[in-house]
Amino acid sequence: PPIVWVFSAIAIGYMLCYYPMFLVISKIIVGRGIGNSVTVGNAMVFYSVATIVGGVVFGFAEKFLKNKTMFVMLAITMLGLYLSYSFASVAAWLVVSGIFSTGIIPACISAFSESVDEENKFLATSIAESGVNIGAFLGTPYIALIEAFGGSADTAMFVSPIIMLILGLVTLRFCKKDAKV
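Predicted, not measured: the structure shown is a model, and the values here were computed from it.

## Comments concerning the packing of helix α2 (residues 20-31) against helix α6 (residues 121-148)
To describe two helices that pack against each other, one gives the angle between their axes and the distance between the axes.
Next, step 1: Axis separation between α2 and α6 bottoms out at 9 Å; the angle between their running directions is 55°. Judged by the inter-axis angle, α2 sits oblique to α6. Residues Pro20, Leu23 and Val24 of α2 touch α6, and the partners they reach there are Gly139, Thr140, Tyr142 and Ile143.
Next, step 2: Here the residues of the contact of α2 with α6 sort into five nonpolar, two polar and no charged.

Shown next as structure tokens:
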């Protein structure tokens with residue numbers, strides 16, 4: 001169904017905007033004098049543990065948050081990281097980011113699963129997951145494009161939240177449209 005392609009495109013956009021966080025977190029920590037490469041690794045531990053927590057609480061949180069808040073929270077966390085100048089701030093934003101990022105892809109799959117026949121669910125999920133990988137692949141050229149227009153790599157942390165908010169609105173629109181079908 002077309003909804004699978006829509007949510008796959010959203011997954012591409014999501015990862016295109018979100019993946020730069022992994023690429024520029026060291027620039028934020030080292031470049032701003034917060035710490036060194038070991039500090040970057042320590043900060044990412046906060047993110048990793050938070051994704052585990054996010055995975056455990058996703059089902060419960062989805063009942064209350066729906067698709068409404070995940071993109072908004074991720075946009076806010078990226079802005080928070082962009083504005084961070086201390087390890088505590090970076091770690092706190094990575095925790096929030098880790099918790100909410102875990103839910104985006106399952107939320108997309110959940111949103112379109114109702115409109116996909118049982119025999120096509122695996123194919124639909126594979127298409128959506130391919131979208132995630134395509135978006136991650138495009139993350140580096142996305143940063144290069146920002147730099148080509150005079151921005152720095154960490155500017156992606158400022159531009160991406162705007163795109164993610166738009167993706168959130170598109171997601172809400174298609175969730176409502178899909179619910180009416």
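More follows now that the structure is in view.
## Concerning the nonpolar core
Next, step 1: The biggest cluster of nonpolar side chains holds 47 residues, and the ones touching the most others in it are Val90, Leu94 and Phe112.
Next, step 2: Elements that contribute at least two residues to this core include exactly α1 (2-18), α2, α3 (37-65), α4 (70-82), α5 (87-113), α6 and α7 (156-180).
Next, step 3: Excluding its chain neighbours within four sequence positions, the residues that come into contact with Leu94 are Met21, Ile25, Ala43, Met44, Tyr47, Ala50 and Leu81.

## A closer look at α6
Next, step 1: An ideal rise of 1.5 Å per residue puts 40 Å on 28 residues; α6 measures up with 40 Å between its terminal C-alpha atoms.
Next, step 2: The largest bend along α6 reaches roughly 35° and is located at Gly139, with the proline Pro141 sitting one to four residues downstream.
Next, step 3: Along α6, the residues classified as buried are Ala124, Ile127, Ala128, Gly131, Val132, Gly135, Ala136, Gly139, Tyr142, Ile143 and Ile146.
Next, step 4: Phi for Gly150, located one or two positions after α6, is positive at around 95°.

## Structural notes on the packing of aromatic side chains
Next, step 1: Within the structure shown, the criterion is met by seven aromatic pairs.
Next, step 2: Between Tyr18 and Tyr47, the aromatic rings sit 6.5 Å apart at their centres with planes inclined by 40°, giving tilted as the arrangement. Of this pair, Tyr18 sits in helix α1 while Tyr47 sits in helix α3, placing them 29 residues apart in sequence. The pair Tyr18 / Tyr47 is uniform in exposure class, with both members buried.
Next, step 3: Relative to Tyr47, the ring of Phe22 lies with its centre 5.3 Å away and its plane at 80°, an arrangement referred to as edge-to-face. Residue Phe22 is found in helix α2, and its partner Tyr47 is found in helix α3; the two are separated by 25 residues along the sequence.
Next, step 4: Aromatic ring contacts, followed pair by pair, group Tyr14, Tyr18, Tyr19, Phe22 and Tyr47 into a single cluster.
Next, step 5: The residue whose ring lies beneath Arg32 is Tyr82, and the NZ or CZ to ring-centre distance is 5.9 Å.
Next, step 6: If you follow Arg32 out to its NZ or CZ, it ends over the ring of Tyr85, 4.6 Å from the centre.

## As for the packing of α1 against α2
Next, step 1: Look at α1 against α2: their axes get within 6 Å of each other, and the N-to-C directions meet at 5°. Viewed along their axes, α1 and α2 adopt a mutual orientation that is roughly parallel. Along the contact surface, α1 presents Met15, Leu16, Cys17 and Tyr18, while α2 presents Pro20, Met21 and Phe22.
Next, step 2: Taken together, the residues of the contact of α1 with α2 break down into seven nonpolar, no polar and no charged.

## A closer look at α2
Next, step 1: Between the first and last C-alpha of α2 there are 16 Å, a value that for twelve residues agrees with the 16 Å anticipated at 1.5 Å per step.
Next, step 2: Looking one or two residues beyond α2, the residue adopting positive phi is Gly33, at roughly 75°.

## Details of the pattern of salt bridges
Between side chains of opposite charge, a pair can form as their charged atoms come close.
Next, step 1: Tallied over the entire structure, the rule returns one salt bridge.
Next, step 2: Among the ionic pairs, Arg32 bridges to Asp154, the shortest N-O distance being 3.1 Å. In this pair, Arg32 is assigned in the loop between α2 and α3 and Asp154 in the loop between α6 and α7, connecting sequence segments 122 residues apart. Considered together, Arg32 and Asp154 belong to a single accessibility category, that of buried residues.

Criteria and thresholds
Along each chain, the written sequence defines residue order, and numbers are assigned to residues from 1. A pLDDT threshold of at least 70 governs which residues receive local features in this predicted model, and a stricter bar of 80 or more applies before side-chain atom pairs are shown or counted, although totals over entire chains, interfaces and linings include all residues. As a rule here, side-chain values cover all heavy atoms of the structure and leave hydrogens and water aside. In this analysis, axes come from line fits to C-alpha atoms, helices being fitted only over the stretch in contact, and the angle between any two N-to-C directions falls in the range 0 to 180 degrees. Working definition: helices are DSSP H or I runs of at least four residues, strands are E runs of at least two. Numbering for both runs from the N terminus. Angle categories: roughly parallel below 35 degrees, roughly antiparallel above 145, roughly perpendicular from 65 to 115, and oblique for all the rest. Contacts are assigned to residue pairs that have any heavy atoms within 4.5 Å of one another. Just so you know the grouping, Ala, Val, Leu, Ile, Met, Phe, Trp, Tyr, Cys and Pro go in nonpolar, Asp, Glu, Lys and Arg go in charged, and all remaining residues, Gly too, go in polar. Throughout, nonpolar core names a set of buried Ala, Val, Leu, Ile, Met, Phe, Trp, Tyr and Cys residues whose side chains join them through atoms within 4.5 Å. Burial classification: accessible surface area is computed with a 1.4 Å probe over protein chains only, and a residue below 20% of its type maximum counts as buried, one above 50% as exposed, and the rest as partly exposed. One fewer than the residue count of a helix, multiplied by 1.5 Å, yields its expected span. Take the seven residues that end at a residue and the seven that start at it, fit an axis to each, and the angle between those axes is the bend at that residue. Only centres within 6.5 Å qualify two rings of Phe, Tyr or Trp (six-membered ring in Trp) as a pair; their planes then separate them into stacked at under 30 degrees, edge-to-face at over 60, and tilted for everything else. Look at NZ for Lys and CZ for Arg. If either is within 6 Å of the ring centre and within 35 degrees of the ring normal, a charge sits over the ring. Salt bridges, as used here, are contacts in which a Lys or Arg side-chain nitrogen is within 4 Å of a carboxyl oxygen on Asp or Glu.

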